[in-house]
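# Residue-level structural notes
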Amino acid sequence: MTEFTTNDSGEKAVESGVIIPMRGIENYPYTVYFNESSDSVFSAQNSDLQHRKAGYLIEVKSSRLHLLTMPLLRAWSKSVGFIESGTPGKPFFDLENGWYAVEILCGETPQESGWEPTIEFLFEPRETKPVYGANVDYSFHISAREY
């Protein structure tokens, strides 16, 4: 983490499509959707969309994306095998290699357990690298009625 927070390596990784950082995420249980369609799960009438931000980009080179948390990143040397093993409960998404414009939606959706904080990533394939226009300082804090 020091590498990404003490110089411009973090900004370069984000603008190069290597990572998409999200600030303000509390330690709640989440429902996470990776979606290649423009039909968002938040389109349902009874969902609570709180954030919708575009301008992110990602380049897929290994046909798979992983959702990583700060504890995994802080212990990267110990986490690599854990991540590569496809450990159950750790979200990943198989996606064709190439460039994608990414929109992030956050809020709450009704689940069997009640209202649950939800994050959805919408991926739109692009022939060439999209223009980066996101605000990495934006907070995706979700007001969660169950927590």
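A short tour of the structure in this document, coming up.

What counts, and at which threshold
- Residues numbered from 1 in each chain as written.
- Predicted model: local features only at pLDDT ≥ 70, side-chain atom pairs only at ≥ 80, totals over all residues.
- Heavy atoms only, no water.
- Helix = DSSP H or I, 4+ residues; strand = E, 2+ residues; numbered from the N terminus.
- Buried < 20%, exposed > 50% of the residue type's maximum accessible area, 1.4 Å probe, protein only.
- Contact = heavy atoms within 4.5 Å.
- Areas by Shrake-Rupley, 256 points an atom, 1.4 Å probe, with all protein chains shown as cover.
- Patch = residues over 30% accessible without salt bridge, like charges linked within 9 Å, V, L, I, M, F, W, Y side chains within 5 Å.
- Salt bridge = Lys/Arg side-chain N within 4 Å of Asp/Glu carboxyl O.
- Pairing = 2+ DSSP bridges.
- Axes fitted to C-alpha atoms, helices over the stretch in contact; angles between N-to-C directions.
- Polar contact = N/O pair within 3.5 Å; in protein donor to acceptor, adjacent residues only side chain to side chain.
- Core = buried A, V, L, I, M, F, W, Y, C linked by side-chain atoms within 4.5 Å.

To continue, consider the overall build of the protein chain. Broken down by element type, the protein chain carries 4 helices and 6 strands. Mapped from its N terminus to its C terminus, the protein chain presents α and β elements in the order α-α-β-β-β-α-α-β-β-β. Split into buried and exposed, the 147 residues of the protein chain put 31% on the buried side. In the protein chain, the share of contacts with a sequence separation of at least 24, taken over all contacts with a separation of at least 6, comes to 82%. Summed over all atoms, the accessible surface of the protein chain reaches about 9000 Å², with 49% contributed by carbon and sulfur.

Another point: unusual backbone geometry. Positive phi values are uncommon outside glycine, yet S63 reaches one of about 65°. In this fold, S63 is placed in the loop between β2 (48-60) and β3 (64-66).

On to a nonpolar patch on the surface, then. Nonpolar side chains collect at one region of the surface, where F4, V18 and I19 lie side by side and expose about 260 Å² of accessible area between them. Of note, V18 is situated in the loop between α2 (9-15) and β1 (31-35).

For the rest of this paragraph, the subject is the sheet that holds β1. Taken in spatial order, the 4 strands line up as β1-β6-β5-β2 in an open sheet, and their pairing is mixed. The open sheet has two edge strands with one neighbour each: β1 and β2. Along the sheet, successive strands turn relative to each other by an average axial angle of 20°, direction set aside. In this sheet, strand β5 (residues 98-111) lies alongside β2 in antiparallel orientation, the contact comprising 10 bridges. When the bridges of β5 are listed, I58 appears paired with Y100.

One can find E108 in strand β5. By relative accessible area, which is 1% here, E108 ends up buried. For E108, the side chain forms a polar contact with the side chain of R145, separated by 2.7 Å.

By size, the foremost hydrophobic cluster in this structure holds 17 residues, and its most contacted members are I58, L95, Y100, V102, I104, F121 and F123. When contributions to this core are tallied by element, the ones reaching two or more residues are β2, β5 and β6 (114-126). With residues up to four places along the chain from it excluded, the contact list for Y100 reads Y56, L57, I58, V60, L95, F123, E124, P125, R126 and P130.

Time to look at the pattern of salt bridges. Counted under the stated rule, the structure contains 8 salt bridges. Ionic pairing is found between R145 and D48, a salt bridge with its closest N-O pair at 3.2 Å. Here the residue R145 occupies a position in the segment after β6, and D48 occupies one in strand β2, the gap between them amounting to 97 residues. Given the relative accessible area of 49%, R145 is considered partly exposed. Put simply, R64 and D94 hold a salt bridge, and the shortest N to O gap is 2.7 Å. With R64 in strand β3 and D94 in strand β4 (residues 92-94), the pair connects residues that are 30 residues apart, well separated along the chain. Owing to a relative accessible area of 31%, R64 belongs among the partly exposed residues under this scheme.

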